[in-house]
Amino acid sequence: MHAAASGGPVRLRVLLVHHEPWWDQTRLLPYDSGFFLQVLREAADGEAGRPRGPLAGEVSEAQALDAAFVHANAHRFIERVEPVALRHHPVDDALAVYYRNAYDTLDHLYYAGTFNGGYRPGEHRPLEERLVQAEYDIWPTDPRWTQTLRTGQCWGTGAWGPISEAEASVRLGWLLWDDDPDGAAAAFRHAIELEHGDPYAKVKARLELDVLLTGQDKYTEQDQDSNVPLELAFRLHAEGREEEARAAYAEAVFRGDFSIGDIFLGGASAIAEARQRAGMESPAEYGYRSAQAGDLSRAAAELRKIYDDGSAQVATFALALLEGDFDRADEISGGSLAGDLARTWMGEFAMDLAFVHARAGNTGTARLLADLADEGHDSGPFRYALASGSARPAELAMEMGTALVDKIVNPAWDDGIEAIVDVACEYLPELAAYACRAQATCESVHGQEENAARWRKRLTDLEPTGPS
């Protein structure tokens, strides 16, 4: 807001780009000089288009991420900090909903800075006006510490505050890994032990620490399959650490790469195993329960993690369905759930939620969701529900499965039925048999006896349990 060349106080405005209702609302904004030491150092670090200044030579990146160093040394560089203005705090319900539903828009704002040329005043200032924010006057102990600042500069800061300290400690552990493994281990442990640390950052710290202590390469954790975070989820669940258990579960589902033959089913097996071994809810079950309890934001955080394609599009779509806003969901999906990974995920969530509503007796909503999920005769979402264990009880799965088979059976294209049979053989043999009979009958009716015979042969290989 203001930079004094004489070395007097500088005025900085801090905006809260993301917000979660379960965070400590008294600690949303910085309150001590430690945060501003990081900001001033960052403004002089020579990275991402920023100028290089003296403070970056006095405080290293690792020291700026080290909570103990920052708390002990901030006074050497900052004489005092004085808050001078505060807006949109405390956060009301309408603003909390805005934060939740505008996640991608606000994330783009974070990366739009004057140094990288991404900041557009006409576009971004109206967004800024809606956010929690405060202005501070900062007195440096030496004019050199603020000499790179200019009025009008803005950037998304990596400086950590009370809510993001765990994430900073994970970054520090990664930075120290090769040259100071003991320091890295201490950083990861600090993140894990923080009372109010972000559960996703704590899970990341636990996974990294396990790799570090076994002497493996620092990139090993990134290459691990879903079983590693899934086992961590079970351990944390057994210890009663439910928030961290859900965070580890989300990581496991995101990493899932389960397949049956050529049919990719992603995180379905992780969802099924978590339900079987620990009674953990599927993403749609957790979201539905959270919505019923008025806690959609917590579900949103998990959905953003599970369905992370570089945006929050899938999570926003899922939230619209959880709120029963089908028009908004249709707008987000572009009117189709066919095509890319994001839309595949949307269909899988919609089908999972359809079964949740069906089990709750909400037949009309369940039918709408199922129709949305298998739009365009797509059997993928239903196959995913079978493999994940979300298609239950069996009677309900048969009812919805036979309706889908009847819809997609076709003498000119049997790939959809083929895929249903391949998956149903493992999880619902009765449906596999029904699908074989339906396709054989369809082929025969249209005079394609060779194809009909092939499907009858397929049927004889199955348990004779399907309905006629």
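Thresholds applied
- Residues numbered from 1 in each chain as written.
- Predicted model: local features only at pLDDT ≥ 70, side-chain atom pairs only at ≥ 80, totals over all residues.
- Heavy atoms only, no water.
- Disulfide = S-S within 2.5 Å.
- Buried < 20%, exposed > 50% of the residue type's maximum accessible area, 1.4 Å probe, protein only.
- 1 Å grid on protein atoms, 1.4 Å probe; cavity = no way out; pocket = protein on both sides within 12 Å on 5 of 7 lines; lining within 4 Å.
- Points joined across faces, edges and corners; volume = space filled by probe spheres on them.
- Helix = DSSP H or I, 4+ residues; strand = E, 2+ residues; numbered from the N terminus.
- Nonpolar A, V, L, I, M, F, W, Y, C, P; charged D, E, K, R; others polar.
- Core = buried A, V, L, I, M, F, W, Y, C linked by side-chain atoms within 4.5 Å.
- Contact = heavy atoms within 4.5 Å.
- Phe/Tyr/Trp six-rings, centres within 6.5 Å; stacked < 30°, edge-to-face > 60°.
- Lys NZ or Arg CZ within 6 Å of the ring centre and 35° of its normal.

Caption draft 1: Expanded view of the state of the cysteines. Per the counting criterion, the structure on display carries zero disulfides. No disulfide involves Cys 425; its nearest neighbouring cysteine sulfur is the one of Cys 436, lying 6.7 Å away. On the accessibility criterion, Cys 425 (28% relative accessible area) is partly exposed.

Caption draft 2: Summary view of the layout of surface pockets. Its boundaries defined by the atoms lining it, the second largest pocket holds a volume of some 550 Å³. Taken together, 32 residues make up the lining of the second largest pocket; nearest its centre are Phe 264, Thr 344, Glu 348, Gly 380 and Arg 383. Breaking the lining of the second largest pocket down by element, the ones donating at least two residues are α13 (242-255), β5 (263-266), α19 (341-359), α21 (380-388) and α23 (415-427). Per element, the largest residue contribution to the lining of the second largest pocket is six residues, and it comes from α19. For the lining of the second largest pocket, a count of residues per class yields 16 nonpolar, 10 polar and six charged.

Caption draft 3: Examining the nonpolar core more closely. Counting residues in each nonpolar core, the largest one holds 86 residues, and the members touching the most others are Leu 321, Phe 349, Met 351, Leu 353, Phe 355 and Leu 431. Per element, the largest residue contribution to this core is 10 residues, and it comes from α19. Setting aside anything within four residues of it in sequence, one finds Leu 353 in contact with Ala 284, Tyr 288, Leu 321, Leu 322 and Leu 369. Ranked by size, the runner-up nonpolar core spans 39 residues in total, among them Leu 40, Phe 77, Tyr 99 and Trp 155.

Caption draft 4: Representation of the packing of aromatic side chains in the model. Summed over the entire model, instances satisfying the criterion amount to 11 aromatic pairs. On the numbers, 6.2 Å between centres and 40° between planes, the contact of Phe 355 with Phe 382 is tilted. Of this pair, Phe 355 sits in helix α19 while Phe 382 sits in helix α21; the two residues are 27 residues apart in sequence, bridging distant segments of the chain. The two residues Phe 355 and Phe 382 agree in class, both being buried. Taken together, the aromatic side chains of Trp 174, Trp 177, Phe 188 and Tyr 219 make up a single cluster linked through ring pairs. Its guanidinium or amino end placed over the ring of Tyr 103, Arg 304 lies 4.0 Å from that ring's centre, counting from NZ or CZ. Above the plane of the ring of Phe 254 lies Lys 305, whose end atom (NZ or CZ) is 5.7 Å from the centre.

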